[in-house]
Amino acid sequence: SGYRCPELNRRVGGSPTSHHRFAAAADWICPAFGTPLDCARAIEPHIDQWRITQLIAEFAEADGSGWVHTSILPVSPVNRVISIDRLGTRTGILPAR
């Protein structure tokens, strides 16, 4: 998913301040490269160079499920790297245990 109008954002349970509402975020997968965890781990060293302000592994498991969220909307703190899954929100790109 990329841009979300306010109504769609509300329907999918997105935050009212979601970067998707400003066309500055994308949720994606890239099976030809690897799992979402593989993708997020490969991108992490480049977030400054690519001006990524959020890198989130969302519900990304070792089995390949989940997706990667990247955004470029300037936020504070920048370069936030987190995992969101059934265990909650944690710092770093981590599979659920």
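Quick caveat: nothing in here was measured; it's all calculated off a predicted structure.

### Remarks on the overall build of the chain
Counting its secondary structure elements, the chain contains 2 helices and 5 strands. The order of α-helices and β-strands along the chain, N terminus first, is α-β-α-β-β-β-β. For the chain, the spread of C-alpha atoms along the principal axes amounts to about 35 × 30 × 25 Å. Buried residues in the chain amount to 37% of all 97 residues. Counting every atom, the chain has about 5700 Å² of accessible surface; 60% of that belongs to carbon and sulfur. In the chain, 10 side chains carry a positive charge and 9 a negative one; their mean positions are 6 Å apart.

### Considering the nonpolar core
Among soluble globular proteins, nonpolar side chains are generally buried collectively. Counting residues in hydrophobic clusters, the biggest one holds 12 residues: Leu37, Cys39, Ala40, Ile43, Ile47, Ile52, Leu55, Ala57, Ala60, Val68, Val81 and Ile93. Mapped by element, the contributors of at least two residues to this core are α2 (36-43) and β2 (54-58). Sort the elements by how many residues they give to this core and α2 lands first, with 4 residues. Once residues within four sequence positions are removed from consideration, Val81 is found in contact with Glu44, Ile47, Leu55, Thr91, Gly92 and Ile93.

### Some details on the packing of aromatic side chains
Geometrically, a pair of aromatic rings is defined through the distance of the ring centres and the angle of the planes. Throughout the structure, instances matching the rule amount to 1 aromatic pair. Measuring from ring centre to ring centre gives 5.7 Å for Phe59 and Trp67, while their planes differ by 40 degrees; the resulting arrangement is tilted. Over the aromatic face of Phe22 sits the side chain of Arg21, whose NZ or CZ is 5.8 Å from the ring centroid.

### Looking at unusual backbone geometry
The phi dihedral of Arg51 is positive, around 55 degrees, even though this residue is not glycine. Among the secondary structure elements, Arg51 is positioned in the loop between α2 and β2. For Arg51, a relative accessible area of 68% corresponds to the exposed category. The backbone of Phe59 sits at a positive phi, close to 50 degrees, despite the residue not being glycine.

### Details of the sheet that holds strand β3 (residues 67-71)
Paired through backbone hydrogen bonds, the strands of a sheet run either parallel or antiparallel to each other. Read across the open sheet, the 5 strands follow the order β1-β3-β2-β4-β5; overall the sheet is mixed. The open sheet is flanked by β1 (25-28) and β5 (88-91), the only strands paired with a single partner. Direction aside, the axes of adjacent strands within the sheet are offset by 20 degrees on average. Alignment of strand β4 (residues 80-85) against β5, held across 4 bridges, turns out to be antiparallel. Residue Asp85 lies in a different strand from β5, and its bridge partner there is Gly88.

About the criteria used
- Residues numbered from 1 in each chain as written.
- Predicted model: local features only at pLDDT ≥ 70, side-chain atom pairs only at ≥ 80, totals over all residues.
- Heavy atoms only, no water.
- Helix = DSSP H or I, 4+ residues; strand = E, 2+ residues; numbered from the N terminus.
- Buried < 20%, exposed > 50% of the residue type's maximum accessible area, 1.4 Å probe, protein only.
- Areas by Shrake-Rupley, 256 points an atom, 1.4 Å probe, with all protein chains shown as cover.
- Lys, Arg positive; Asp, Glu negative; His and termini not counted.
- Charge placed at Lys NZ, Arg CZ, Asp CG, Glu CD.
- Core = buried A, V, L, I, M, F, W, Y, C linked by side-chain atoms within 4.5 Å.
- Contact = heavy atoms within 4.5 Å.
- Phe/Tyr/Trp six-rings, centres within 6.5 Å; stacked < 30°, edge-to-face > 60°.
- Lys NZ or Arg CZ within 6 Å of the ring centre and 35° of its normal.
- Pairing = 2+ DSSP bridges.
- Axes fitted to C-alpha atoms, helices over the stretch in contact; angles between N-to-C directions.

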